[in-house]
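A look at the structure
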Amino acid sequence: MSSRTASLRNLLEAVPGALVGVDRAGVIQYVNRQAESLFGYEGDGLVGQPIETLVPDSVRAGHPAHRAAYFAGPGTRRPKPDKAGTTDQKPGPPPRCLRGRRRDGTEFPLNLSLSRIDTEDGLLVIAAVRDLTEREKANDRRDQLSRLAAIVENSDEAIIGKTLDGTITNWNPAAERLYGYSSEEIVGRPAALLVPRERPDEMSAILARIRAGQHIDHFETTRVRKDGTVFAVSISVSPIRDPDGVIIGASSIGRDVTMERESFEAARSMIESSLDSLVTISPEGRITDANEATVKVTGVPREELIGTAFSDYFTEPEKANAIYQLVFTEGMAVDYPLTIRHRDGTLTDVRYNASVQRSSADTVLGVFAAARDMTRLVQAFGAARSMIEASLDSLVSISPEGRITDANEATVKLTGVPREELIGTAFSDYFTEPEKANAIYHLVLAHGTAVDYPLTMRHRDGTLTEVLYNASAYRDAGGEVLGVFAAARDVTKQRKAGAQYARSLIEAALDPLVTISPEGKIDDVNESTVKVTGVPREELIGTDFSSYFTEPGKALAGYQQAFAEGSVTDYPLTLRHRDGSLIDVLYNVSVYRDPDGNVLGVFAAARDVTEQKRTQAELARQAVDLERLAELERFHRLTVGRELRMIELKKEIDGLKELVEQNQRERRDQL
């Protein structure tokens, strides 16, 4: 190393900034200790490495082109001037391409200044690198604060900043609109100025909680405007901390809730005017509010009711306790029967309707429950109870919401469910087709009655009972619909008898009869089908209808045609017996439907036409034979005629020959 080169290295080493020297080939020839520290290398770990080692992966491919420009005219890498010739010199991070890559792979923003130095080994470009990480963080914090300030400035809610002694330091435009003070008027003054005189200790109590690191959410109180008017407000207060986490102030967000209070009072008037008992219940089952009707039905003053257990006022506390748990699980409860016990011991039968009560933020606050006094209705129904219980038909009363409100013993027998379990449950739950059962009371509510509505009830043990329902709406004295009264007649025996009669007719048929599902599977067959296929009935059921024919595709097309057109007539197929023998048949097919008109499948009847085809074939053969005989007769006649003609011609020839010979003799005699 020459003295000049050594002096240059000593000079560069003395520079406090990070320096990197690169030759024309892009190979690092020199780094000082500051550069090694900045990029995370030690000793001579960088010397001899390509400069792209210090470049992020995302821009490494294009870096050689930038490097070539370094030797053409190096200088400080700064933002380019705009069209007006100015350069944006605002503080901020450098362009995305000016980033370095440390040994551990992390990237950091940098500022780069380039210069050329001629050395004994050739031209070097010296890059002075400045780490801008802290500057970028400062810019990010500044941007974050700017965004936060913009949010505060444009918020529709009043946001106030104050010191821990209550002095106002920040005041946004929404606070000006809410309280009437401009920022210039209020900043620097005590926040207690906004508190009504009758609440002298409220502000100090709030600040004490803030100093303790607590948050105050949605605290409803009152505040005073500049003009002296007092209004209802909901405020949330949070601590303000410095970068070290020390609490240095408080930030409060206020919202005028005057209209909400007025709406609440209006709702309160409506609640109090209701004749129904209305209560709100906490998630823990405690009464949080009650109207005057509740006071009357329990005999307990409102201030005593609030805070007590809702279930304490009923003859069956466990059942009452379950109502709000049911609401929390399902969202609501309809026509839930309970009996309220008055303080003097009198009882009142009620039906509860309850739903979840939520805040504006959709947080569950509790349950709102309304009870309708059903005592008179229960008494009226009790008068007819003996007749109802004496009925052999299943009788139920159903609420407009589809819940069973009463049932007789015949219903208990059909379902296997005790009466106390039936009441309050969905009417439709006890049928094989819940949607169809659900529709019956909607039909009654719409049209007043339903007649001979077919359903199938399912007993708890799984047995099924075919019934026909007749139902009508029942009303109170004012004509208001209270629910539906439904009577079910068990028609299982009649249907079984009808089915047995139909079965006898089917089995007596000489023609093979089958029912086929929409998927082409055999659902049922008669004995004639068993004989014609040689397959037992239990094996036939569930198999493909088309698999028993010589042309399965043609058989498949037959019942598909029936589904499309409703029926098929004289459809020719050939059945294959298990022993291989074939039977020609003509099928007549039609769809069959349930009482609602829904297609259930296809009914197909086959007529054995094997003998008929044989007879037709024999007749056709005989016709061919007759035709051949006629042809032979025609040929015979033609042949015999020709022979006779030949004989005649021969006679004529012989006669002519004899005549010629006679003439010749006569001529010889004359000579």
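Remember, predicted model here, so these are calculated numbers, not experimental data.

1. Describing the overall build of the protein chain
The helix and strand inventory of the protein chain stands at 22 helices and 25 strands. Considering only contacts in the protein chain between residues 6 or more positions apart, those separated by 24 or more positions represent 40%. Here the protein chain has roughly 39,700 Å² of accessible surface; of this, 53% comes from carbon and sulfur atoms.

2. Digging into the sheet that holds strand 7 (residues 168–171)
Taken in spatial order, the five strands make up an open sheet running 7-6-10-9-8, and their pairing is antiparallel. What marks the edges here is a single partner per strand, and that holds for strand 7 and strand 8 (216–224). Going from strand to strand, the sheet's axes swing by 30° on average, the running direction of each strand aside.

3. Side note on helix 8 (residues 202–211)
Listed as buried for helix 8 are Glu202, Met203, Ile206, Leu207 and Ile210. Down the axis of helix 8, the buried side of the element spans an arc of 130°, and every buried residue falls inside it. Looking at the packing, one finds that the buried side of helix 8 touches strand 6 (158–163), strand 8, strand 9 (230–241) and strand 10 (247–256). Two residues or fewer after helix 8 comes Gly213, characterised by a positive phi angle close to 85°.

4. Brief notes about the pairing of strand 21 (residues 513–516)
Both faces of strand 21 are covered, namely the face carrying Leu513 and Thr515 and the face carrying Val514 and Ile516. Sheet topology places strand 21 next to strand 25 (residues 599–608); four bridges connect them, and they run antiparallel. Bridged to Leu513 within strand 25 is Ala605. Pairing of strand 21 with strand 22 (residues 522–525) involves three bridges; the strand directions are antiparallel.

5. Describing the packing of aromatic side chains
The full count for this structure, using the stated rule, is 12 aromatic pairs. Each ring, one from Phe427 and one from Phe431, has its centre 5.0 Å from the other, and the planes form 55°; the classification is tilted. Taking the relative accessible area as the measure of exposure, Phe427 reaches 2% and is therefore buried. Of the residues examined, Phe431 reaches a relative accessible area of 2% and is grouped as buried.

6. Considerations on helix 17 (residues 434–447)
For helix 17, spanning 14 residues, the distance from its first C-alpha to its last is 20 Å, which sits close to the expected 20 Å at 1.5 Å a residue. Restricting attention to buried positions, one finds in helix 17 the residues Lys436, Ala437, Ile440, Tyr441 and Val444. On its buried side, helix 17 packs onto strand 16 (394–398), strand 18 (449–458), strand 19 (464–475) and strand 20 (481–490). Downstream of helix 17 by a residue or two, Gly448 has a phi angle that is positive, lying close to 95°.

7. Here we look at the sheet that holds strand 2 (residues 28–31)
Strand order across the open sheet formed by five strands is 2-1-5-4-3, with antiparallel pairing between neighbours. A single partner strand is all that each edge strand has here, and the edge strands are strand 2 and strand 3 (99–101). Neighbour to neighbour, the strand axes of the sheet diverge by 40° on average, direction disregarded. Relative to strand 4 (residues 107–119), strand 3 runs antiparallel, the two being bridged by three bridges. Of the residues in strand 4, the one forming a bridge with Gly100 is Phe108.

8. Some points on empty space enclosed by the protein
Across all of its chains, the model carries five cavities of 30 Å³ or more by this definition. There is about 140 Å³ of room inside the largest cavity. For the lining of the largest cavity, the elements supplying multiple residues, two or more each, are strand 6, helix 8, strand 9 and strand 10. In terms of residues, the lining of the largest cavity owes the most to one element, strand 10, which gives four residues. Among the residues making up the lining of the largest cavity, the classes are represented as 12 nonpolar, two polar and two charged.

9. Examining the pattern of salt bridges
Taken as a whole and judged by the stated rule, the model has 20 salt bridges. The partner of Arg255 in a salt bridge is Glu157, with the nearest N and O atoms 3.9 Å apart. Taken as a pair, Arg255 in strand 10 and Glu157 in the loop between helix 5 (133–154) and strand 6 lie far apart in primary sequence, 98 residues in all. Judged by relative accessible area, which is 30%, Arg255 ranks as partly exposed. Between Arg537 and Asp524 there is a salt bridge; the shortest N-O distance is 2.5 Å. Separated by 13 residues along the polypeptide, Arg537 in helix 20 (residues 537–540) and Asp524 in strand 22 bring together distant segments of the chain.

10. Some words on the side chain of His577
You can see His577 is positioned in the loop between strand 23 (567–576) and strand 24 (582–593). Given the relative accessible area of 19%, His577 is considered buried. Reaching out from His577, the side chain makes a polar contact with the backbone oxygen of Lys531 at a distance of 3.4 Å. Contact partners of His577, with chain neighbours within four places excluded, come to Lys531, Val532, Thr533 and Gly534.

11. Observations regarding the pairing of strand 7
Where strand 6 meets strand 7, three bridges bridge the pair, whose relative direction is antiparallel. Note on strand 7: the bridge partner recorded for Ile160 is Trp171.

12. Quick word on the side chain of Asn291
Take Asn291: it is sitting in the loop between strand 12 (287–290) and helix 10 (292–298). A distance of 3.0 Å separates a polar atom in the side chain of Asn291 from the backbone nitrogen of Leu278.

13. Here's the deal with a nonpolar patch on the surface
On the surface, Ile240, Val246 and Ile248 cluster together into a nonpolar patch covering about 230 Å² of accessible area. Within the secondary structure, Ile248 is located in strand 10. Note on Ile248: relative accessible area 46%, which makes it partly exposed.

14. Focus on unusual backbone geometry
Positive phi is not limited to glycine here, since His218 has a value of about 50°. For His218, the location among the structural elements is in strand 8. Among the residues examined, His218 registers a relative accessible area of 61% and is labelled exposed. With phi around 50°, Asp452 is a residue other than glycine that occupies positive phi space. Along the polypeptide, Asp452 turns up in strand 18. Given a relative accessible area of 44%, Asp452 falls into the partly exposed group.

15. Structural notes on the confidence of the model for the protein chain
Any region with low pLDDT has predicted coordinates that should not be read closely. Averaged over every residue, the pLDDT of the protein chain is 81; residues scoring 70 or more account for 83%. Confidence over residues 75–97 falls short of pLDDT 50; this stretch has 27 contacts with residues more than four positions distant or in other chains.

16. What to know about the environment of Leu347
Tracing the backbone through its elements, the reader meets Leu347 in strand 14 (residues 347–358). The sequence separation of Leu347 and Thr298 amounts to 49 residues, and the corresponding C-alpha distance is 9.2 Å. Setting aside chain neighbours within four positions, we find Leu347 in contact with Thr315, Thr339, Ile340 and Arg341.

17. A look at the environment of Val230
Counting through the fold element by element, Val230 comes out in strand 9. Separated by 35 residues in the primary sequence, Val230 and Val195 have C-alpha atoms spaced 9.0 Å apart. Every residue in contact with Val230, bar those within four places of it in the chain, is listed here: Pro196, Thr222, Arg223 and Val224.

Calculation rules
- Residues numbered from 1 in each chain as written.
- Predicted model: local features only at pLDDT ≥ 70, side-chain atom pairs only at ≥ 80, totals over all residues.
- Heavy atoms only, no water.
- Helix = DSSP H or I, 4+ residues; strand = E, 2+ residues; numbered from the N terminus.
- Contact = heavy atoms within 4.5 Å.
- Areas by Shrake-Rupley, 256 points an atom, 1.4 Å probe, with all protein chains shown as cover.
- Pairing = 2+ DSSP bridges.
- Axes fitted to C-alpha atoms, helices over the stretch in contact; angles between N-to-C directions.
- Buried < 20%, exposed > 50% of the residue type's maximum accessible area, 1.4 Å probe, protein only.
- Arc of directions from axis to C-beta.
- Phe/Tyr/Trp six-rings, centres within 6.5 Å; stacked < 30°, edge-to-face > 60°.
- Expected span 1.5 Å × (residues − 1).
- 1 Å grid on protein atoms, 1.4 Å probe; cavity = no way out; pocket = protein on both sides within 12 Å on 5 of 7 lines; lining within 4 Å.
- Points joined across faces, edges and corners; volume = space filled by probe spheres on them.
- Nonpolar A, V, L, I, M, F, W, Y, C, P; charged D, E, K, R; others polar.
- Salt bridge = Lys/Arg side-chain N within 4 Å of Asp/Glu carboxyl O.
- Polar contact = N/O pair within 3.5 Å; in protein donor to acceptor, adjacent residues only side chain to side chain.
- Patch = residues over 30% accessible without salt bridge, like charges linked within 9 Å, V, L, I, M, F, W, Y side chains within 5 Å.
- pLDDT = per-residue confidence, 0-100.

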